[in-house]
Amino acid sequence: MQTKSAVHLPAPAEVVDPLRQFLTRVALAFGILLATAFIVWLDRDGYTDNTDGSVNLLDALYYTTVTLSTTGYGDIAPVTDSARLLNVILITPMRVMFLIILIGTTLETLTARSREQVRLNRWRKKLRDHTVVIGYGVKGRSAVATMLANEVSPDSLVVVDPDPAAIAEANETGLVAVMGDATRTEVLRRAGVPTASRVIITTARDDATVLATLTCRQLNKDANIVVAVREADNVALVRQGGANEVVTSSDAVGRILGLATVSPALGHVLEDLTTSGTGLEVAERMVTPREEGKQPKLLSDLVVAIVRDGVELPFHSPAIGHLVRGDRLIVVRASEELPWARREDIHQTPVEDEAEDPADRPPGGV
């Protein structure tokens with residue numbers, strides 16, 4: 001049985017629980033009904049009942065019910081001037097309030113779906129250059145958390161998963177989620193894969209991952225597709241399907257476990273590097289004007305690779321030479337700094353500008 005796809009938008013800010021809102025309105029309506037019945041009963045001598053002439057508490061409640069609901073059978077009616085005046089200045093306004101509550105609740109129910117459709121249409125119109133995360137399990141949640149920690153807007157992320165619990169969790173995080181099978185073209189279209197700039201695929205099974213990769217690449221020829229597979233034997237197959245980057249989760253975890261066994265300190269460092277927000281971070285940034293013409297080893301950040309003209313060069317590559325404008329640096333630095341912050345957008349203080357850079361010192365300088 002195939003899962004029907006559907007787009008689930010996160011709850012809007014300051015949303016009121018529908019059940020709580022409904023119960024509040026029912027309580028208000030019931031309160032108005034009781035208050036009106038009590039007022040009529042207090043002035044019961046001003047009313048007449050065509051059946052027996054007198055009005056008791058049950059008659060007052062009955063009269064109030066048919067009056068507030070505008071039914072008006074006429075078997076009980078005000079006969080004195082004071083009772084009629086009370087109906088004009090008090091009971092009629094309470095009838096209006098009672099009807100407003102009932103009609104408002106009905107309209108709220110009828111228009112909820114329309115408002116949701118308007119929100120959905122508005123979201124679809126703005127859906128461009130976003131990131132689609134297929135699979136919201138452990139790996140998918142970690143990928144989303146890392147992107148959010150690096151100042152990626154939740155509005156630019158869309159989650160795809162067949163599990164209603166995962167969809168609910170994504171909505172609670174403030175993400176738009178599409179429930180359905182990510183191997184189906186219809187589901188991926190609903191998630192906006194054709195207009196996405198990045199796709200992350202972290203399904204639970206490699207066969208589903210391969211098919212999802214093929215479908216995503218068919219829908220979008222230019223998106224950067226990053227895929228996680230469990231077995232190394234499937235790496236080549238996923239790359240043939242159109243993946244730009246492939247991470248072998250089982251091999252990566254196994255290697256970290258092995259290194260941690262051989263050297264606990266090395267295991268701690270690797271865990272630190274893969275944990276966002278604490279200790280060290282691996283980051284990518286642009287080279288700054290002050291760093292141009294210098295060797296990577298002279299920078300304050302630990303440079304592990306350089307991306308030049310779209311080509312990734314390891315730190316030991318002789319082709320690097322000196323840094324040039326346009327280079328992107330892959331660095332290791334303290335997590336107190338924004339991992340993906342572009343240094344050219346961060347203004348240095350005068351103290352920093354005047355500070356002497358060790359690389360500017362002449363050889364043998366004091």
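The following refers to the structure shown. Every value quoted in this text rests on a predicted model; they were computed, and no experiment measured them. (Residues numbered from 1 in each chain as written. Predicted model: local features only at pLDDT ≥ 70, side-chain atom pairs only at ≥ 80, totals over all residues. Heavy atoms only, no water.)

Another aspect to go through is a nonpolar patch on the surface. A cluster of nonpolar residues, Phe30, Leu34, Leu58 and Leu61, forms a patch on the protein surface that exposes about 400 Å² of accessible area. Secondary-structure elements contributing two or more residues to the nonpolar patch are α1 (18–42) and α2 (57–68). Among the residues examined, leucine 61 registers a relative accessible area of 32% and is labelled partly exposed. (Patch = residues over 30% accessible without salt bridge, like charges linked within 9 Å, V, L, I, M, F, W, Y side chains within 5 Å. Areas by Shrake-Rupley, 256 points an atom, 1.4 Å probe, with all protein chains shown as cover. Salt bridge = Lys/Arg side-chain N within 4 Å of Asp/Glu carboxyl O. Helix = DSSP H or I, 4+ residues; strand = E, 2+ residues; numbered from the N terminus. Buried < 20%, exposed > 50% of the residue type's maximum accessible area, 1.4 Å probe, protein only.)

Tallying each qualifying case throughout the model produces 3 aromatic pairs. With 6.5 Å between their ring centres and 5° between their planes, tyrosine 62 and tyrosine 73 make a pair best called stacked. Here the residue tyrosine 62 occupies a position in helix α2, and tyrosine 73 occupies one in the loop between α2 and β3 (76–78), the gap between them amounting to 11 residues. By relative accessible area, which is 59% here, tyrosine 73 ends up exposed. Lying over the aromatic face of tryptophan 41, arginine 44 brings its terminal NZ or CZ to 4.3 Å of the ring centre. (Phe/Tyr/Trp six-rings, centres within 6.5 Å; stacked < 30°, edge-to-face > 60°. Lys NZ or Arg CZ within 6 Å of the ring centre and 35° of its normal.)

Here we come to the pattern of salt bridges. The tally for this structure, following the rule as stated, stands at 10 salt bridges. Across the salt bridge formed by arginine 285 and glutamate 291, the nearest N and O atoms sit 2.8 Å from each other. Arginine 285 sits in the buried class, given a relative accessible area of 0%. Each member of the salt-bridge network shares a partner with another, and the members are Arg285, Glu291, Asp301 and Arg333.

A few words now on the sheet that holds strand β1 (residues 6–8). One open sheet accounts for 7 strands, arranged β1-β6-β5-β4-β7-β8-β9; its pairing is mixed. Since the sheet does not close on itself, it has two edges, and those belong to β1 and β9 (245–248), each with one partner. Sheet twist, expressed as the mean angle between neighbouring strand axes with direction ignored, is 15°. Along the sheet, helix α7 (residues 206–219) makes contact with β4 (131–134), β7 (198–201) and β8 (224–229), crossing β8 at roughly 175°. (Pairing = 2+ DSSP bridges. Axes fitted to C-alpha atoms, helices over the stretch in contact; angles between N-to-C directions. Contact = heavy atoms within 4.5 Å.)

With respect to the helices, strands and loops of the structure, aspartate 161 is situated in strand β5 (residues 157–161). For the buried aspartate 161, no salt bridge exists, and the shortest N-O distance to an oppositely charged side chain is 7.5 Å, to arginine 141. A polar contact is formed between the side chain of aspartate 161 and the backbone nitrogen of tyrosine 136, at a distance of 2.8 Å. A distance of 2.8 Å separates a polar atom in the side chain of aspartate 161 from the backbone nitrogen of aspartate 163. Not counting the four nearest positions on each side in its chain, aspartate 161 is found in contact with Gly135, Tyr136, Gly137, Ala166, Ile167, Val178, Met179 and Gly180. (Lys, Arg positive; Asp, Glu negative; His and termini not counted. Polar contact = N/O pair within 3.5 Å; in protein donor to acceptor, adjacent residues only side chain to side chain.)

Not every positive phi belongs to a glycine, and threonine 70 is a case in point at roughly 60°. If you trace the backbone, threonine 70 turns up in the loop between α2 and β3. Even without a glycine there, the phi angle at aspartate 129 is positive, about 50°. Turning to its location among the elements, aspartate 129 is positioned in the loop between α3 (81–126) and β4. Judged by relative accessible area, aspartate 129 falls into the exposed class, the value being 55%.

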